[in-house]
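# Observations on chain architecture
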Amino acid sequence: FEQIPVMVDIYDTQLSRIRVNKAFEETLGWTNTELKGIDLLAAFYPDTSIRKKAAKAMDEANGQWHTFEVMDKAGNTHIQEWSNIQLSDSSTVGIGIDVTEKVHLHQKLKEEQEELKNVNKRFERAEKIGKIGHVVRNLKTGESTWSNNIYELGGFDKDTTEPSLDFLINQI
């Protein structure tokens with residue numbers, strides 16, 4: 001139980017008895033002793049609507065995964081995925097994975113991809129204004145890729161012209 005590398009909690013239906021593992025304590029900051037004296041749902045889910053969704057998922061305990069914003073002891077928000085499973089003795093096991101870093105990295109990647117799209121648009125506009133184009137050639141395979149403006153400047157049909165450096169040199 002203590003060695004499991006994801007957050008695990010075991011609780012009764014009234015949340016009057018709860019036991020958490022080391023990963024839970026390290027991620028959210030609450031120890032087993034501290035959890036006995038607090039309103040767990042209010043502490044973890046200060047937002048009432050999120051608290052209701054979490055309570056419903058915990059009550060259903062059907063094994064489905066749910067994503068929640070969870071507040072740790074220090075007041076930091078974590079994005080976590082939780083699945084709850086009811087056991088034969090009516091207790092429930094919750095398994096949680098903190099995906100905060102993964103979500104932030106995905107968000108940053110999307111932002112950087114959007115910025116790259118904007119840079120490419122500015123680059124294409126600069127090529128049109130300057131009446132230039134560019135060729136990228138893979139030195140290992142010899143394959144070439146042309147910018148859209150190479151096709152336009154040369155009057156080449158993008159659908160029928162195979163981009164090759166040799167073809168382009170012969171046209172100049």
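Throughout what follows, the structure given in this document is the object of discussion. (Residues numbered from 1 in each chain as written. Predicted model: local features only at pLDDT ≥ 70, side-chain atom pairs only at ≥ 80, totals over all residues. Heavy atoms only, no water.)

### Examining the sheet that holds strand S3 (residues 62–71)
Spatial strand order, S2-S1-S5-S4-S3: 5 strands in an open sheet with antiparallel pairing. Each end of this open sheet is capped by a strand with a single partner; those strands are strand S2 (18–20) and S3. Neighbour-to-neighbour, the strand axes of this sheet turn through a mean angle of 25 degrees, independent of strand direction. Of the strand pairs in this sheet, S3 and strand S4 (residues 77–86) are connected by 8 bridges, and their pairing is antiparallel. Paired with Val 70 across the two strands is His 78, which belongs to S4. Running over the sheet, helix H4 (residues 48–60) touches strand S1 (7–11), S3, S4 and strand S5 (92–98) and is turned about 150 degrees from S3. Docked against the sheet, helix H5 (residues 100–130) engages S4 and S5, running at close to 130 degrees with respect to S4. (Pairing = 2+ DSSP bridges. Helix = DSSP H or I, 4+ residues; strand = E, 2+ residues; numbered from the N terminus. Axes fitted to C-alpha atoms, helices over the stretch in contact; angles between N-to-C directions. Contact = heavy atoms within 4.5 Å.)

### Describing the pairing of S4
Linking S3 back to S4 in an antiparallel pair, the connection comprises 5 residues, with Gly 75 at a positive phi of about 95 degrees. Connecting S4 to the antiparallel partner S5 that follows it, the hairpin turn spans 5 residues, and Ser 90 within it adopts a positive phi of roughly 75 degrees.

### Here we look at the nonpolar core
One finds Phe 24, Leu 28, Leu 35, Phe 44, Tyr 45 and Val 70 to be the most contacted residues of the largest nonpolar core, which totals 19 residues. Looking at this core, the elements with two or more residues in it are S1, S2, helix H1 (22–28), helix H3 (40–44), H4 and S3. Other than its neighbours up to four places away in sequence, Val 70 contacts Leu 28, Phe 44, Tyr 45, Asn 76, Thr 77, His 78, Gln 80 and Trp 82. By size, the runner-up hydrophobic cluster in this structure holds 5 residues, among which are Trp 146, Ile 150, Tyr 151 and Leu 168. (Core = buried A, V, L, I, M, F, W, Y, C linked by side-chain atoms within 4.5 Å. Buried < 20%, exposed > 50% of the residue type's maximum accessible area, 1.4 Å probe, protein only.)

Function cannot be inferred from these measures alone, as they are strictly geometric.
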